[in-house]
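Chain by chain, the residues run as shown.
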Amino acid sequence: MKNVHPIYHIKTLMIKRELAKDPKLKNENWDRFLPNFKHKNLSKRKEPKKKRVKKKYTPFPPPQPESKVDKELASGEYFLKESEKSAKRREEKREKQVEATKVREEKRKAAFIPPPEKSRKQEKDSQTSTSLCQDVDVEKLKKKVKSHTQKQKKRKL
């Protein structure tokens, strides 16, 4: 009980004083009225949800990434004039736009492509097979229609 705030001790003293005044509770056990402090189990340590995997130690640092100037020197753009650079950028942008418009047009045209049609022989075969599969019970159908018409007549009345 070392890690309990002192105000709780004062609170227990106040509760005990009130219980001592009451003649009915004077001789009873007061534990049910007093606050209980449960000890926390501090032996369990919370582990992080995401465990980081340690990389193998290397004494040498990773190589520095190439700077923008280094990249330009390697490609030869560093020596071009500003107008040539901007023209090249515009051309690359225009190529991207052309590709994007082609993709968009293909998507739009895809909606207008009709589905493949079945040949006449396949249609006839499918019709005959479905008619054979669907054996309709005529008597059941008659009863259903008759009961439905009777319900309609009752509703009108």
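Each remark here, short or long, concerns the structure printed above.
Just so it is clear, the model here is predicted, and its values are computed rather than measured.

Would you take a moment to explain the packing of aromatic side chains for this structure?
Two descriptors summarise a pair of aromatic rings, namely the distance from one centre to the other and the angle between the planes of the rings. Under the counting rule described, the total for this entry stands at 1 aromatic pair. Taken together, a centroid distance of 5.5 Å and an interplanar angle of 90° make the contact between Tyr78 and Phe79 edge-to-face. With a relative accessible area of 42%, Tyr78 lands in the partly exposed category. With relative accessibility at 64%, the residue Phe79 sits in the exposed group.

Would you mind showing me how to read the pattern of salt bridges here?
Here the idea is simple: oppositely charged side chains can pair when their charged atoms come close. Applying the stated criterion to the full structure yields 6 salt bridges. Across the pair Glu77 and Lys88 runs a salt bridge, and its minimum N-O distance is 3.5 Å. Taken together, the residues Glu77 in the loop between helix 2 (68-75) and helix 3 (82-110) and Lys88 in helix 3 connect sequence positions 11 residues apart. Owing to a relative accessible area of 26%, Glu77 belongs among the partly exposed residues under this scheme.

Definitions and cut-offs
Residues numbered from 1 in each chain as written. Predicted model: local features only at pLDDT ≥ 70, side-chain atom pairs only at ≥ 80, totals over all residues. Heavy atoms only, no water. Phe/Tyr/Trp six-rings, centres within 6.5 Å; stacked < 30°, edge-to-face > 60°. Buried < 20%, exposed > 50% of the residue type's maximum accessible area, 1.4 Å probe, protein only. Salt bridge = Lys/Arg side-chain N within 4 Å of Asp/Glu carboxyl O. Helix = DSSP H or I, 4+ residues; strand = E, 2+ residues; numbered from the N terminus.

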